[in-house]
Amino acid sequence: MNHSADNQTTRSFHDERVRRRVRCLSVFIILVVALILILILNISLGNVRIPAGKIAEILFAGGGDINERSIIWKIRLPRALMGLILGGALSVSGFLLQTFFQNPIAGPYVLGISSGAKMTVAIVMIYFLNRAASVSSIALILAAFIGSMISTAFILLIAKKIQNMAALLVAGIMIGYICSAVTDFVITFADDSDIANLHSWSQGSFSGMNWDGVAISAVVVGVSFVLTFLMAKPIGAWQLGETYAQTMGINTRRFRIILILLSSVLTACVTAYAGPISFIGIAVPYLIRHALGTSNPIAVIPACFLGGSVFCTACDLIARMAFAPTELRISTVSSVFGAPVVIFMMIKGRMGKESGS
């Protein structure tokens, strides 16, 4: 009798594992297919519409009209790839911050980290534009990293004094407002001739992307992503509590530092190239965890990257095409779709607490 019950339990456990694997595989397949379709649409649609057949011919056979080749290789493909890379980076950054603060509402935009990066990039851009024709991508990423670290330092300082997570999030929003005010002040008193590109960048946009930016961001984000994935097991242990992580032999102090550094690098890369982009870092990790039905970092981290890429490139497509030839801020579109998800998260969290009490 006991032997039969044990067999039934083992079979049920095996079936559950199979169902989870099938579910995860299905989510990854859907994300990959969606990303490919959105990339094709991003390259195809615009003032000059290029059919999918011609896109394949231009990309893989080197054929096609010279003007269409120029549009694809110099404008649309770099922009689409940057949306893919930076959208994924923003989503993974949000996942790391949510893991660090153990709160699903934590994200680089809400906590003011993106605003801190925006502030230092704006200062550096204006300073260098007064002395040189352009600013290197590395200088912008370093500036954004410094700004994101300054904001993060303030948040961590406040976190030591305030244990209430809601109050901490409000403090992060206030830090964001302060950084945005400093940025606006700097822009207001800069020469008009120096801030044409800065104004477009500060609104959040993927326009004007080039292959140098694609290469640099791919390296920075790629290395950060690999390091994040290698930390999947420590992150999984941390999700079960700091005490459990310590019993597993994890140096929690060093773990926290690495988590914040990786999140700051990812946020800095996004802000340096595309400006501040809202809600992707909060909404996408939440949606991915619920789609997968698990919080296992080995599955969630790559899925977050794919989900962020899909969400960001879709928002960029809408920003370009919804009111063409006028282009919307990408944060305007991401807020329209991301803010309702965050509101739902807060309502669901509140209802869960009330039912638990």
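For the structure, check the block above.
Residues numbered from 1 in each chain as written. Predicted model: local features only at pLDDT ≥ 70, side-chain atom pairs only at ≥ 80, totals over all residues. Heavy atoms only, no water.

Engineer: Even after reading the chapter, I still don't get the packing of aromatic side chains, so can you show me in this structure?
Structural biologist: By convention here, two paired aromatic rings are described through the distance between centres and the angle between planes. Scanning the model with the defined rule gives 6 aromatic pairs in all. Seen in terms of ring centroids, Phe225 and Phe229 are 6.5 Å apart; in terms of plane orientation they differ by 20°. Their pairing is stacked. Taken as a pair, Phe225 and Phe229 lie in helix α8 (residues 211-230) at a separation of 4 residues, close to a single helical turn. Among the residues examined, Phe225 registers a relative accessible area of 21% and is labelled partly exposed. Through a chain of ring-to-ring contacts, three or more aromatic side chains come together here, namely Phe225, Phe229 and Phe305. (Phe/Tyr/Trp six-rings, centres within 6.5 Å; stacked < 30°, edge-to-face > 60°. Helix = DSSP H or I, 4+ residues; strand = E, 2+ residues; numbered from the N terminus. Buried < 20%, exposed > 50% of the residue type's maximum accessible area, 1.4 Å probe, protein only.)

Engineer: I keep staring at a nonpolar patch on the surface and nothing clicks. Help me out?
Structural biologist: Residues Leu25, Ile29, Val32, Val33, Ile36, Leu37 and Ile40 make up a contiguous nonpolar surface patch of roughly 600 Å² in combined accessible area. Relative to the assigned elements, Leu25 resides in helix α1 (residues 2-44). (Patch = residues over 30% accessible without salt bridge, like charges linked within 9 Å, V, L, I, M, F, W, Y side chains within 5 Å. Areas by Shrake-Rupley, 256 points an atom, 1.4 Å probe, with all protein chains shown as cover. Salt bridge = Lys/Arg side-chain N within 4 Å of Asp/Glu carboxyl O.)

Engineer: Please explain the environment of Thr183 as it appears in this structure.
Structural biologist: Within the fold, Thr183 resides in helix α6 (residues 165-188). By relative accessible area, Thr183 is classed as buried at 1%. Along the chain, Thr183 and Ser115 lie 68 residues apart, while their C-alpha atoms are 8.6 Å from each other. Once you skip the residues sitting within four places of it in the chain, Thr183 turns out to touch Lys118, Met119 and Ala122. Of the polar contacts made by the side chain of Thr183, one reaches the backbone oxygen of Cys179; its length is 2.8 Å. (Contact = heavy atoms within 4.5 Å. Polar contact = N/O pair within 3.5 Å; in protein donor to acceptor, adjacent residues only side chain to side chain.)

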